[in-house]
Amino acid sequence: MVRLSITGVLTLTLLSGLLLPRSISAQEGRAIFDAPLVVVDGDVMRRMNEILDIDGDGDQDAIGYWFNTVEEFNITVWNHDPQTGFSEVWQQVFPSSAVDDLPMAAGDLNGSPGFAIATPQNGLRFYQFNGNTPVLWQQFGGAGVLDLEIADFNDDGQGDVLALKNGEMTFYLSQGALPPQVQSFSVSAEMAHLVLGHLDGDGVPDLIFGNETTIEFCP
């Protein structure tokens, strides 16, 4: 069991043999896990929804949104530098009457870093990054989208988008320079959340649907 405290002290609990739990320093933790320790302002952290390398420099950057008012929201992109941390590099305001979380997913999208986001007013939008700047790539109707995921669903080496709606899942399969191929299938109407995993070892993403009381697997 690993726990990171607010003060930055990493607590490692060892359960084998006669070793007792002990606290290790942040420097020891970095050596063990080979990962940078980054301090991010708490207000900024609440706005980060997705992490990915947007500019190909090997550092994980961030994308997020937050509501300015009940009628508009901001999408913001943060670039990460190992020396200086996260800095805002792009922001855009969109109209929206949504007051709940917006469906959003990030990853490889048709061969480039990108993200998808759905709102009733703006539809389902796919963005690809040109350096630090997201560029609108495709747009579809987005009413009723409950959850989004990005993965290579047809094993062609290009990232695709899966949108979950009430009683339906829709795949947007990347086709290079052509618009995505759209395929829809029925799912249980009460399913509201979607998670990807690898459950059967075939190398193809498997789907897990759920709500407050039920989980369904679709390998």
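(A) View of the sheet that holds strand β7 (residues 85-95). If you walk across this open sheet you meet the four strands as β4-β5-β6-β7, and the pairing is antiparallel. Of all strands in the sheet, those with a lone pairing partner are β4 (48-52) and β7, marking the two edges. When strand polarity is set aside, the average angle formed by the axes of neighbouring strands in this sheet is 20°. Relative to strand β6 (residues 72-81), strand β5 (residues 61-69) runs antiparallel, the two being bridged by seven bridges. Directly across from Phe67, in β6, lies its bridge partner Phe73.

(B) View of the environment of Ser188. Of note, Ser188 is situated in the loop between β15 (178-186) and β16 (193-197). Ser188 sits in the partly exposed class, given a relative accessible area of 23%. With 22 residues separating them along the chain, Ser188 and Asn166 place their C-alpha atoms 8.0 Å apart.

(C) Expanded view of the sheet that holds strand β9 (residues 112-119). Here we have four strands laid out as an open sheet, ordered β8-β9-β10-β11, and antiparallel in their pairing. With partners counted over all chains shown, the strands left at the sheet margins are β8 (104-109) and β11 (133-140), one partner each. With direction set aside, neighbouring strand axes in the sheet form an average angle of 25°.

(D) Representation of the side chain of Thr170 in the model. By secondary structure assignment, the location of Thr170 is in strand β14 (residues 168-175). Of note is the side chain of Thr170, whose polar atom sits 3.4 Å from the side chain of Glu168. Residue contacts for Thr170: discarding those within four places in its chain leaves Val161, Leu162, Ala163, Val182, Gln183 and Ser184.

Rules and cut-offs
- Residues numbered from 1 in each chain as written.
- Predicted model: local features only at pLDDT ≥ 70, side-chain atom pairs only at ≥ 80, totals over all residues.
- Heavy atoms only, no water.
- Pairing = 2+ DSSP bridges.
- Helix = DSSP H or I, 4+ residues; strand = E, 2+ residues; numbered from the N terminus.
- Axes fitted to C-alpha atoms, helices over the stretch in contact; angles between N-to-C directions.
- Buried < 20%, exposed > 50% of the residue type's maximum accessible area, 1.4 Å probe, protein only.
- Polar contact = N/O pair within 3.5 Å; in protein donor to acceptor, adjacent residues only side chain to side chain.
- Contact = heavy atoms within 4.5 Å.

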